[in-house]
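Fold and contact review
One letter stands for each residue in the lines below.
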2 protein chains.
Amino acid sequence: MSEKKPSSSELKNDRFLRALLKQPVDTTPVWIMRQAGRYLPEYKATRAEAGSFMDLCENADLACEVTLQPLRRYDLDAAILFSDILTIPDAMGLGLYFSEGEGPKFKNPIKNTSDVKNLPIPDPEEELRYVMNAVRTIRRELNGSVPLIGFSGSPWTLATYMVEGGTTKDFGKVKGMMFDAPETMHLLLDKIAQSVVGYLNAQIAAGAQAVMIFDTWGGVLSPEMYRAFSLDYMQKIVAGLTREADGRQVPVTLFTKGGGQWLEIMAETGCDALGLDWTQDISDARARVGEKVALQGNMDPSTLYASPEVIRKEVKKVIDGFGDGVGHVFNLGHGIHQHIDPQNVTVLVDAVHEFGAK
Amino acid sequence: MSEKKPSSSELKNDRFLRALLKQPVDTTPVWIMRQAGRYLPEYKATRAEAGSFMDLCENADLACEVTLQPLRRYDLDAAILFSDILTIPDAMGLGLYFSEGEGPKFKNPIKNTSDVKNLPIPDPEEELRYVMNAVRTIRRELNGSVPLIGFSGSPWTLATYMVEGGTTKDFGKVKGMMFDAPETMHLLLDKIAQSVVGYLNAQIAAGAQAVMIFDTWGGVLSPEMYRAFSLDYMQKIVAGLTREADGRQVPVTLFTKGGGQWLEIMAETGCDALGLDWTQDISDARARVGEKVALQGNMDPSTLYASPEVIRKEVKKVIDGFGDGVGHVFNLGHGIHQHIDPQNVTVLVDAVHEFGAK
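For every chain, the first residue of the written sequence is number 1, and numbering continues from 1 along that sequence. Chain A is the first chain written and ligand 1 is the first ligand written, with later ones labelled in order. Two thresholds apply to this predicted model, a pLDDT of at least 70 for residue-level local features and 80 or more for giving and counting side-chain atom pairs, whereas whole-chain, interface and lining totals are computed over all residues.

1. Here's the deal with the overall build of chain A
The condition that has to hold: Put simply, DSSP H or I for four residues or longer makes a helix, DSSP E for two residues or longer makes a strand, and each gets a number counted from the N terminus. Here the radius of gyration uses the C-alpha set of atoms, whereas the globule reference equals 2.2 Å times the residue count to the power 0.38. Neighbour counting defines burial: a residue surrounded by 20 or more other C-beta atoms within 10 Å of its own C-beta is buried, one with 12 or fewer is exposed, and intermediate counts give partly exposed, using backbone-placed C-beta atoms. We call two residues in contact when their backbone-placed C-beta atoms lie within 7 Å.
Per the secondary structure count, chain A includes 15 helices and 11 strands. A globule of 358 residues ought to have a C-alpha radius of gyration of about 21 Å, and chain A, at 19 Å, matches this closely. Overall size of chain A, expressed as C-alpha extent along the three principal axes, is 55 × 45 × 40 Å. A total of 358 residues make up chain A; the buried ones form 55% of that total. Partitioning the intrachain contacts of chain A with sequence separation of at least 6 by distance along the chain shows that 72% fall at a separation of at least 24.

This is the structure we're talking about:
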């Protein structure tokens, strides 16, 4: 790396990192899943300039630009790398493309054991160098204002796309493989987990100051299958991560959408924080696992369709629900929707800092 | 009613009704959500003959035919009325239609308080007479072989379609109304709840021997909103239902998909049984609410993509998970998928009766 990288000690705002580690903060920190996204007109303009969605991810300057856009509008306490969870399977040779209105697809989905055996573990500074370049560029441009979050999809979540060849309603192929060829599925998940460890550690080396694992589809599994096919591999990743950089701890957050029933076993993985979707009561969640981990969440994203008064009231409910003391990062319970009014995000962010636990 | 209706006392197989009421049974009863559906070639043939989906629902003879088709193939312990949850909003004048590949839509969705005030409560023996005719026909044709289940969508679930005008990804309109105009939403839910009470009581009068309320979209709410906007209205319905017909109790089952975190408060509604999706451990669920209610579920529907050996193993896991004693009706955790092999359903049904709790 030839760029000068500011050390974490120069961070002007470290509320986010402190809250994830359950250290005292002056007020509750906030960031928003998909904060760089289609609800922002400036995002749409940059996206149009870039060409395809992957062109945007692969151009470090434009990826940096969209990462910073929400920080110019809102008083957010963290930036998150602009990228996609499917960069790893693409780097493994599956041929990611986006078909209009149908979401992501793979030219070469995984069909059998031999496909899995032939999968390479990508080198993050080779096939995924464009992601690391984006991390380095964003980190430099943030210039110590707020921390940068790196991320990856969970092995199970990536496997669903890799076996189905794209998005799916019923997960028939990937669950068919899980039930009928569990050894093949475990081999696949193990290769993905190895790839994720290398990928996240490279993001940390390039400047990510916290990392988050998105288990978007863990919630479609039964409890037994969740543990065996999703959680165990996230635990392996947590165990393999670099947990310190620039003399500061690098917190790790796990988020399984629809995984509220599994918070206790998620908290045992060694992670620092759990993401909560909005179907959980945050005070219940804190009572269950708050001694072990910090919590990130969990307002219903649809609240942003409501009026400013209602948004403020609902923000306060989440903050009061968590209660006094350390260990809360405010967020939505899932990604922000594309049709909400960007002004409402100002209301949300300011309300978090106003009502936030001191 | 001019048709001769056999009394429940003539039921040849009452395992299903007994299990819902936590009475002893010779083995675990089983039926399958969407058992009359597109995975069956004979269903597709009848559907093609009928014309549109609603034509099929509105023709009592054809609705009866598709209801009975799975009972000819499999040793099922209950039949369920073939119909749609959107019959009520259609009868309220919203103009239901099905657009190819996009699911159900309404010509006149609910936009504001005045739309809600103008909504009529349908007369089940007038606007919904075609449903009651189907119930009477099916009940006659079943001829006491197994009980017939009637059903309705929950008020919240119906309201999502009525306000969104069809299916939705983010529930922006209906949640916007819930947050910004809660009185309007409560008025709407109250009218729907009144309609559902009339509709289900008419189904019971026409011959339904058990009823189930499908809360397909309760799981997209926060705990506070679930209680206020979904559960409270299901409780009102339970309180208004006829609970006895032909000298037998008519059991009521509630099913909120994604509602596993709320089993305790669901069990307090006065219902007899709760449906479980497959993200819950049935032994945990029984420990939580098994004293109060029977449980229906909960194998992952995707298990039917697996081999017969794996299906048998997974059936046994659910049955062993529930354990000895009364109060279990086997089912999938959600509707059967359309692409599974119908032969695998034979494996499932026979395995339930073989391994079932005696």
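2. A few points about the nonpolar core
Under the convention used in this document: Working definition: the nonpolar core is a set of buried Ala, Val, Leu, Ile, Met, Phe, Trp, Tyr and Cys residues, joined through C-beta atoms within 7 Å.
Within the largest apolar cluster, 242 residues are counted, with the highest numbers of intra-cluster contacts made by I149(A) and I149(B). Setting aside chain neighbours within four positions, we find I149(A) in contact with A78(A), A79(A), I80(A), L81(A), A208(A), A210(A), V211(A) and M212(A).

3. Remarks on the sheet that holds strand β1 (residues 79-80) of chain B
Residues and elements named next belong to chain B. Quick note on the threshold: Two strands are said to pair when DSSP picks up at least two bridges between them.
If you trace the 7 strands from one edge of the open sheet to the other, you get β1-β4-β5-β8-β9-β10-β11, paired in parallel fashion. One side of each edge strand has no neighbouring strand; the edge strands of this open sheet are β1 and β11 (328-332). Where β1 and strand β4 (residues 148-153) come together, 2 bridges link them in parallel fashion. Across the sheet, the residue bridging to A79 is L148, located in β4.

4. A few points about the relation of the copies chain A and chain B
To go from the first copy of the chain to the second, apply a rotation about an axis and then a shift along the same axis. Cut-off, in case you're wondering: What sets the superposition is a least-squares fit of C-alpha atoms, and only residues with pLDDT of at least 70 in both copies go into it.
Note on the identical chains: chain A maps onto chain B by a rotation of 180° and an axial translation of 0.0 Å, with an RMSD of 0.0 Å. The symmetry that links the two subunits is that of a two-fold axis. If distances are taken from each C-alpha of chain A to the rotation axis, the shortest is found for Q261(A), at 3.4 Å. Residue by residue, 100% of the interface of chain A is reproduced at the interface of chain B, so both copies engage with the same surface.

5. Quick look at the interface of chain A and chain B
Let me state the cut-off plainly: Think of it as three bins: nonpolar holds Ala, Val, Leu, Ile, Met, Phe, Trp, Tyr, Cys and Pro, charged holds Asp, Glu, Lys and Arg, and polar takes everything else, Gly as well.
In this assembly, 26 residues from chain A lie in contact with 26 residues from chain B. The element that contributes the greatest number of residues to the side of chain A that touches chain B is helix α9 (residues 172-180) of chain A, accounting for 5 residues. Along the lines of polarity and charge, the residues of the side of chain A that touches chain B split into 7 nonpolar, 14 polar and 5 charged.

6. Comments concerning the pairing of strand β8 (residues 252-256) of chain B
All names here are of chain B. Burial of β8 is extensive: 5 of the 5 residues sit out of reach of the surface. The sheet contact formed by β8 and strand β9 (residues 273-275) spans 2 bridges and is parallel. Looking across to β9, one finds that T253 is bridged to A273.

7. Thoughts on the packing of helix α8 (residues 155-164) of chain B against helix α10 (residues 182-206) of chain B
All names here are of chain B. Quick note on the threshold: Fitted lines through C-alpha atoms give the axes, limited to the stretch in contact for helices. The angle between two N-to-C directions lies from 0 to 180 degrees. Angles are sorted into four bins: roughly parallel if under 35 degrees, roughly antiparallel if over 145, roughly perpendicular if 65 to 115, and oblique for all others. A clockwise turn of the near helix away from the far one marks a right-handed crossing, whereas an anticlockwise turn of less than a right angle marks a left-handed crossing.
Relative to each other, α8 and α10 sit at 120°, their axes nearing to 9 Å. Compared by their axis directions, α8 and α10 come out oblique. Between α8 and α10 the crossing geometry is right-handed. The segment α8 lies against α10, with P155, W156, L158 and A159 engaging L188, L189, I192, A193 and V196. By residue class, the composition of the contact of α8 with α10 is 9 nonpolar, no polar and no charged.

8. Concerning the sheet that holds strand β9 (residues 273-275) of chain A
To summarise the sheet geometry, strands pair through backbone hydrogen bonds and adopt either a parallel or an antiparallel arrangement. Residue and element names in this part refer to chain A. As summarised here, the arrangement of the 7 strands in space is β1-β4-β5-β8-β9-β10-β11, forming an open sheet in which the pairing is parallel. Bordering the open sheet on either side are β1 (79-80) and β11 (328-332), each of which pairs with just one other strand. As judged from the 5 bridges shared by strand β5 (residues 210-215) and strand β8 (residues 252-256), these two strands associate in the parallel manner. Paired with F214 across the strands is F255, a residue of β8. Helix-sheet contacts for helix α10 (residues 182-206) involve β4 (148-153) and β5, and the interaxial angle to β4 is about 170°.

9. Considerations on helix α11 (residues 223-240) of chain B
Residues and elements named next belong to chain B. Our working rule: Helix span is expected to be 1.5 Å times the residue number reduced by one.
Here α11 is 18 residues long and its end C-alpha atoms lie 24 Å apart, about the 26 Å a rise of 1.5 Å per residue gives. What α11 keeps buried is the set P223, M225, Y226, F229, S230, L231, Y233, M234 and I237. Buried positions along α11 lie against α8, α9 (172-180), α10, β5 (210-215), β8 and α12 (263-267).

10. Concerning unusual backbone geometry
With an omega of -5°, the peptide bond between G297(A) and N298(A) qualifies as cis. Considering the arrangement of structural elements, one finds N298(A) in strand β10 (residues 294-299). A positive phi angle, near 60°, is found at K22(A), a position not held by glycine. In this fold, K22(A) is placed in the loop between α1 (15-20) and α2 (41-50). Using a count of 20 C-beta atoms within 10 Å as the deciding quantity, one classes K22(A) as buried. With a phi close to 50°, D246(B) is a non-glycine residue in the positive phi region. Along the chain, the position of D246(B) falls in the loop between β6 (244-245) and β7 (248-249). Looking at D246(B), the number of C-beta atoms within 10 Å reads 15, which means it is partly exposed.

11. Some details on the confidence of the model for chain A
Here is the rule we go by: pLDDT runs from 0 to 100 and stands for how confident the predictor is about each residue.
On average, chain A scores 95 in pLDDT, and the residues at 70 or more come to 97%. Scored by ipTM, the complex comes to 0.91, with pTM at 0.94.

12. Things to note about the environment of G275(B)
Residues and elements named next belong to chain B. Here G275 lies in strand β9. As a C-alpha pair, G275 and A294 span 19 residues in sequence and 8.7 Å in three-dimensional space. Not counting the four nearest positions on each side in its chain, G275 is found in contact with T253, L254, F255, Q296 and G297.

13. Let's talk about the environment of G335(A)
Residue and element names in this part refer to chain A. Inspection of the secondary structure assignment puts G335 in the loop between β11 and α15 (342-355). The exposure class assigned to G335 is partly exposed, which follows from the 18 C-beta atoms found within 10 Å. For the pair G335 and E100, spaced 235 residues apart in sequence, the C-alpha to C-alpha distance is 20 Å. For G335, the contacting residues outside a window of four places in its chain are M33, R34 and P301.

14. Concerning the packing of helix α2 (residues 41-50) of chain B against helix α4 (residues 60-73) of chain B
Residues and elements named next belong to chain B. Packing of α2 against α4 leaves a shortest axis separation of 10 Å and a crossing angle of 170°. When the axis of α2 is compared with that of α4, the two are roughly antiparallel. Facing E42, Y43, T46 and A50 of α2, the residues of α4 in contact are L62, E65, V66 and Q69. Its residues assigned to classes, the contact of α2 with α4 comprises 4 nonpolar, 2 polar and 2 charged.

15. Let's talk about the environment of G207(A)
All names here are of chain A. Relative to the elements of secondary structure, G207 occurs in the loop between α10 and β5. We classify G207 as buried; it has 25 C-beta atoms within 10 Å. G207 sits 38 residues away from A245 along the chain, and the two C-alpha atoms are 8.3 Å apart.

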